[in-house]
Amino acid sequence: MDSKEFAKAVIGESNRRGKQLAEDVFDADDTITGDDLIPMLQGFMWSEFYLGVIPPVRVMSMLYDGAWDIDPSNIDIMLGLGDQIRDEVKHSKLFSRRVEELGGDPNVIHYEPTDEDLFLLERTADWDEPIEIVTALNCAGEPALAEAFKAIMEKDIVDPRTKDVIHKAKIDEGNHINLGKKVLERFATDEETQERVWEIVDLKFEAAYEFHGKQMDSMSRPDRYAQAGTSDD
Ligand SMILES: [Fe+2]
Ligand SMILES: [Fe+2]
């Protein structure tokens, strides 16, 4: 398949799966208030930094070949990754400030990641090829997160002040997803790479279900999502 068409198909499919995830996990009857909000927001504070910053940093270092061998054709991607890192640091701080307002520990160093947090990080960052990492973060994770944020806001799961913070963390996602699309258009040019991209999308969504499912079932509804991420279509 032509890589432009392919990139469009991947983002379209991730948007569809992200909407499904949001529908499966976030219930309009749920509200999370006060102290119960703190672990969720600390999880976002941690994931904005660890998932948002470390994977682009890894990709940048993989694309860098040394001072005399800089490939000017990929500088736009390097710049996009730099912008993304700036944005994700800002998002982490936004969540951290809200945690502090609610009386929680706002220091990302003190946060102890859950198994689901670490599984999501592994499925985002622990790949060997730039295209695998960009697929996991920008082409699957960010569409899923954008839909999750949208559902949390639209279903009034959190208070207005927290909604405002989530809104501010969501507005940059479009740029990050477009960066992922550009990487697929440029590098997913053969069938083997395209097959690998679909595999990574599956693997990432499995972890995204566990991550968001855990956030919500720590509120009230245990084990409801245990199988939700594993269906194949
Ligand atoms: Fe972010
Ligand atoms: Fe992002």
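Residues numbered from 1 in each chain as written. Chains lettered and ligands numbered in written order. Predicted model: local features only at pLDDT ≥ 70, side-chain atom pairs only at ≥ 80, totals over all residues.

## Section: the packing of helix α3 (residues 75-101) against helix α7 (residues 173-187)
- Here α3 crosses α7 at 155 degrees, and the two axes come no closer than 10 Å. The angle between the axes of α3 and α7 places the two elements in the roughly antiparallel class. Judged by the twist between their axes, the crossing of α3 over α7 is left-handed. Between α3 and α7, the residues in contact are I77, G80, D83 and Q84 and N175, H176, L179, K182 and V183, respectively.
- The residue inventory of the contact of α3 with α7, partitioned by class, reads 3 nonpolar, 4 polar and 2 charged. (Axes fitted to C-alpha atoms, helices over the stretch in contact; angles between N-to-C directions. Helix = DSSP H or I, 4+ residues; strand = E, 2+ residues; numbered from the N terminus. Parallel < 35°, antiparallel > 145°, perpendicular 65-115°, else oblique. Left-handed = near helix turned anticlockwise from the far one by under 90°. Contact = placed C-beta atoms within 7 Å. Nonpolar A, V, L, I, M, F, W, Y, C, P; charged D, E, K, R; others polar.)

## Let's talk about the nonpolar core
- V10, F26, F95, A148, L184 and A208 are the most contacted members of the largest nonpolar core, which has 59 residues in total.
- Looking at which element gives the most residues to this core, the answer is helix α5 (residues 130-154), with 13 residues.
- Those residues in contact with F26, other than ones at most four positions away along the chain, are A148, A151, I152, K155, I157 and M216. (Core = buried A, V, L, I, M, F, W, Y, C linked by C-beta atoms within 7 Å. Buried ≥ 20, exposed ≤ 12 C-beta atoms within 10 Å, placed from the backbone.)

## Let's talk about helix α2 (residues 37-63)
- With 27 residues, α2 extends 39 Å between its outermost C-alpha atoms, agreeing within 8% with the 39 Å of an ideal straight helix rising 1.5 Å per residue.
- Bending of α2 peaks at approximately 30 degrees at the position of S47. (Expected span 1.5 Å × (residues − 1). Bend = angle between axes of the 7 residues up to and from the residue.)

## Here we look at the confidence of the model for the protein chain
- Within the protein chain, residue pLDDT values average 91, and 93% of them lie at 70 or more.
- Model confidence for the protein chain, summarised as mean pLDDT per element, is weakest for helix α8 (residues 191-217) at 91 and strongest for α7 at 98.
- In this model residues 220-233 is a low-confidence stretch, pLDDT under 50, and it forms 17 contacts with partners more than four residues away in sequence or in other chains. (pLDDT = per-residue confidence, 0-100.)

## Things to note about the environment of A188
- Among the structural elements, A188 can be located in the loop between α7 and α8.
- For A188, a count of 25 C-beta atoms within 10 Å translates into the label buried.
- Sequence separation of A188 and V53 is 135 residues, and the distance between their C-alpha atoms is 23 Å.
- Non-local contacts of A188, meaning those with residues more than four positions away in its chain, are made with S3, F6, A7, I131, T193, Q194 and V197.

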